[in-house]
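Structural overview for review
Residues per chain, in single letters:
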Amino acid sequence: KKDAFDTNKTNKEVIFDIHTTSSVSSSTDYARLTVELTGTDDPDDTSPFLVTYMSGATGLNDVKVGASFTTSSVADGEWHHYAFTFQNSGSSVQVKFYVDGACNDTVNTGSTVNYVSGNLVVGESYTGSLAEFKVWNTNLSDANFSHNSP
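A brief report on the enclosed structure follows. (Residues numbered from 1 in each chain as written. Predicted model: local features only at pLDDT ≥ 70, side-chain atom pairs only at ≥ 80, totals over all residues. Heavy atoms only, no water.)

The next point concerns the packing of aromatic side chains. Applying the stated criterion to the full structure yields 10 aromatic pairs. Taken together, a centroid distance of 6.2 Å and an interplanar angle of 80 degrees make the contact between Phe 69 and Tyr 82 edge-to-face. Of the two residues, Phe 69 is situated in the loop between β4 (58–64) and α1 (71–74) and Tyr 82 in strand β5 (residues 82–89); the sequence distance between them amounts to 13 residues. On the accessibility criterion, Tyr 82 (26% relative accessible area) is partly exposed. Between Tyr 82 and Phe 97, the ring centres sit 6.1 Å apart and the planes meet at 10 degrees, which makes this aromatic pair stacked. Within this pair, whereas Tyr 82 is found in strand β5, its partner Phe 97 is found in strand β6 (residues 92–99), the two being separated by 15 residues in sequence. Grouped by ring-pair contacts, the aromatic residues Phe 49, Tyr 53, Phe 69, Tyr 82, Phe 84, Phe 86 and Phe 97 constitute a single cluster. (Phe/Tyr/Trp six-rings, centres within 6.5 Å; stacked < 30°, edge-to-face > 60°. Helix = DSSP H or I, 4+ residues; strand = E, 2+ residues; numbered from the N terminus. Buried < 20%, exposed > 50% of the residue type's maximum accessible area, 1.4 Å probe, protein only.)

A few words on the sheet that holds β6. Each strand in a sheet pairs with another by means of backbone hydrogen bonds, the pair being arranged parallel or else antiparallel. If you walk across this open sheet you meet the 3 strands as β5-β6-β7, and the pairing is antiparallel. Looking at strand neighbours, the two that pair on one side only are β5 and β7 (102–109), the edges of this open sheet. The mean angle between the axes of side-by-side strands here comes to 20 degrees, regardless of whether they run parallel or antiparallel. Here β5 pairs with β6 via 8 bridges, running antiparallel. Paired with Phe 84 across the bridge in β6 is Phe 97. (Pairing = 2+ DSSP bridges. Axes fitted to C-alpha atoms, helices over the stretch in contact; angles between N-to-C directions.)

The analysis is restricted to geometry; functional conclusions fall outside its scope.
Now the structure itself:
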């Protein structure tokens, strides 16, 4: 649930951040999944959502995901269910973005991500309201998201 963006404080807000304790992004044991929101409503931008999904030096960094989505769509004062899936697809990563149970966007970008292991840190930079967070170790189908949204 988000009521407004406060761009006087920052241009980006971290919604979710999980990473390994390795701080060097080029090391083989480094991994990170971050979801951020930009606070600008630039008409040339396709979405305020930015995702980073990295393993070592491979993956994707600050990729815009979301079709026809604006800061007003996010900051409407209502609860929404947002979900992302990440799957290696050929030599890139396929990212699917779901809003309230419906697939909003599919992006193929970056480079494939290897298996991630090690100690994980969750939520050091979190801002906002998060009611629930779930992780599955398998890729869900579109039908699964309609069962898990409000």
